Amino acid sequence: MTVAERITKLRSLMADKNIDAYVVPTADFHQSEYVGEHFKARKFITGFSGSYGTAVIAKDDAGLWTDGRYFFQAENEMAGSGVRLMKMFVGDTPTVTEYLADTIPSGGTVAFDGRVLSMGEGQEYEEALSAKGIKIDYSEDLIDEIWTDRPVLSDKPAFFLEEKYSGESTASKLERVRKVMKDHSATVHAIASLDDVCWLLNVRGDDIDFFPLMLSYAIVKMDCVELYVDETKLNEQILAEFAKANVNVHPYNDIYEDIKKLDASETVLIDPMKMNYALYKNINCKIVEAANPTILMKAMKNPVELENIREAHIKDGIAVTKFMYWIKNNYDKMTITELSSIEKLTSLRAEQDGYIRDSFEPLCAFADHAAMMHYSPSEESDVQLKEGKFFLTDTGGGYYQGSTDITRTFVLGSVDQQMKKYFTAVARGMMNLSRAKFLYGCYGYNLDVLARGPIWDLDLDYQCGTGHGVGYLANVHEPPTGFRWYVVPSKNEHHQLEEGMVITDEPGIYEDGQFGIRIENEFIVQKGVQNKYGQYMHFETITFAPIDLDGIDPEEMTKPEREWLNNYHKDVYEKIGPHLTDEEREWLKEYTRAI
């Protein structure tokens, strides 16, 4: 069926059920950043394949809401479908709820599958639509009725993360969570977010591309855990570990009925940012709303995790350095494209012991493609690398020792002085944040200006955050902290910087139609000196790969900046050099030379 034919079928179902508009968000049942093939309902009904957007199919209209990252892609993919592109945050484009409130008549019905809408979004719909006399039906998965060849839910096997990787037993983690539950006077804690469930129970899975997580829910009680998952994924080791921690296994979807059966005397702790609307509506006892305790716990890595993460970054640095050597020495000798470069880098990572998979979809962008911050090449957009341009690679590896996220912008041949000036400003911003010392209690927004300063000095900016938390073999974008100069509550970056957090530092400059530059390292938040002024903090850099000196103008840098870069490159050579061939090592010596 074409998209238009699918919409016609959907509208026929809507008419049978007296539904005036059907909402299809980009989500699974757990508000995951990426979703498995089974959950790509919005792509099915609109043709748009981007990672962010919401479709609304009304009786006589259809719209797709997405942001500026995807305007060009959405218009191309939805051409001829009858679906209008609704450009979010542009001009007078209404929000989804504004559109529904203005379009649907009083007494009409808006429907959606409440499992794929967040609790907060559902409540927002309630407030906006009830005021106009519009009813909500959150029990309808109409897409499933017309998607005849819908991919089944993943049944790939899970694996247990032993304490040599996790650094803490499930029993210990549960003890800590139950203490927080008591602090909130809660007797039950319902968890719907995959990374929180998997971290708590020390399991990982293969149900979502790039994210090694397992489709599951958990209900934590004071004496046991009720886990909702496809049991065929669980091996004997996992079941044995679950038995030790008194974890009982139930079919994946049974949670929706089981949560209704909680005794009225219970008090349930839920995180409104991590709970789907249908699950929330099925709770019939007292509710306490607060952040999942596991969010902060897993963000503050323990010593075993940190040592493993450092090891993962050495492995990743070897792969990225070998990749840089290959790109810079071969782009003009053979045909290398954006897509073939991804294949090469993935193969180099796969040579490293403990590699599992890439930690997110690789973003490899040549020339003007890199001006689109989240561009990922396709067969249709793929281009060959050529001289005189920048080539940006934002990629990462998932290892048993942790997840990595690194961006490097490579200079192919030579570039003009203005491009060097911009490249140097980005490098300076990255290293200035890396060099920060600050008092405990600072938030990311207190320090963000250190990265933006050299770029703001050029009357330029990048319209995104500077950095995000990184999970341990989990979500590569991990709350509850990050770097940006303004506060976005929905981003869940509201916590002060704590010892053991792993965060990225990735400023950039993006010139439409010309080029994009981004340089990204990761660091660990560490304690420093404590004196009468308080506890000082600093960052330990853990990413080791050359910053392309062909793009650096030393005259644009201060003496402390040059010293930092020279010391960093000295570390790169010492840590990565021994793992390279003689030829690669000689090349690395040149690209880590003092300036």
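My aim in this report is to walk through the structure given alongside it, one point at a time.

### Quick look at the pairing of strand β16 (residues 363-366)
Walk down a regular strand and you will see the side chains alternate between the two sheet faces. Of the two faces of β16, the one holding Leu363 and Ala365 and the one holding Cys364 and Phe366 are both buried throughout. As judged from the 4 bridges shared by β16 and strand β17 (residues 389-395), these two strands associate in the antiparallel manner. Looking at β17, one finds that phenylalanine 366 is bridged to phenylalanine 391.

### Examining the pattern of salt bridges
Considering all chains together, one arrives at 42 salt bridges under this definition. Between arginine 452 and aspartate 448 there is a salt bridge, with its nearest N and O atoms 2.4 Å apart. In this pair, arginine 452 and aspartate 448 both sit in helix α17 (residues 444-456), 4 residues apart, roughly one turn of the helix. For the pair shown, arginine 452 and aspartate 448 are each scored as buried. The shortest N-O distance in the salt bridge between glutamate 590 and arginine 593 comes to 3.2 Å. Residue glutamate 590 is classed as partly exposed on the basis of its relative accessible area, which comes to 42%. Here the salt bridges do not stand alone but share partners, grouping Asp113, Arg115, Asp141, Asp144 and Arg150 into one network.

### Describing empty space enclosed by the protein
On inspection of all chains with the given rule, the structure shows 4 cavities of 30 Å³ or more. Computed from the structure, the largest cavity encloses a volume of approximately 100 Å³. If you go around the largest cavity, you meet 13 residues; those closest to its centre are Ala41, Asp113, Val116, Asp141 and Arg150. For the lining of the largest cavity, the element with the most residues is strand β1 (residues 21-24), which contributes 3 residues. Its residues assigned to classes, the lining of the largest cavity shows 10 nonpolar, no polar and 3 charged. In terms of lining, the second largest cavity is formed by Ala299, Lys301, Gly469, Val470, Glu478, Pro479, Pro480, Thr481, Met501, Val502 and Ile503. Where the lining of the second largest cavity is concerned, the elements lending two or more residues are β23 (478-483) and β24 (502-505). When residues of the lining of the second largest cavity are assigned to their parent elements, the largest contribution, 4 residues, is made by β23. For the lining of the second largest cavity, a count of residues per class yields 7 nonpolar, 2 polar and 2 charged.

### Observations regarding the side chain of arginine 357
Residue placement: arginine 357 occurs in strand β15 (residues 355-358). A distance of 2.7 Å separates a polar atom in the side chain of arginine 357 from a polar atom in the side chain of aspartate 206. Setting aside residues up to four positions removed in sequence, arginine 357 forms contacts with Gly205, Asp206, Phe210, Pro212, Gly397 and Gly398.

### Observations concerning the nonpolar core
The biggest cluster of nonpolar side chains holds 91 residues, and the ones touching the most others in it are Leu100, Val110 and Tyr217. A total of 6 residues in this core trace back to one element, the largest contributor, which is helix α9 (residues 194-201). Counting 73 residues, the second largest nonpolar core, distinct from the first, contains Leu412, Met430, Leu433 and Ile455.

Cut-offs applied
- Residues numbered from 1 in each chain as written.
- Predicted model: local features only at pLDDT ≥ 70, side-chain atom pairs only at ≥ 80, totals over all residues.
- Heavy atoms only, no water.
- Buried < 20%, exposed > 50% of the residue type's maximum accessible area, 1.4 Å probe, protein only.
- Helix = DSSP H or I, 4+ residues; strand = E, 2+ residues; numbered from the N terminus.
- Pairing = 2+ DSSP bridges.
- Salt bridge = Lys/Arg side-chain N within 4 Å of Asp/Glu carboxyl O.
- 1 Å grid on protein atoms, 1.4 Å probe; cavity = no way out; pocket = protein on both sides within 12 Å on 5 of 7 lines; lining within 4 Å.
- Points joined across faces, edges and corners; volume = space filled by probe spheres on them.
- Nonpolar A, V, L, I, M, F, W, Y, C, P; charged D, E, K, R; others polar.
- Polar contact = N/O pair within 3.5 Å; in protein donor to acceptor, adjacent residues only side chain to side chain.
- Contact = heavy atoms within 4.5 Å.
- Core = buried A, V, L, I, M, F, W, Y, C linked by side-chain atoms within 4.5 Å.

Function cannot be inferred from these measures alone, as they are strictly geometric.
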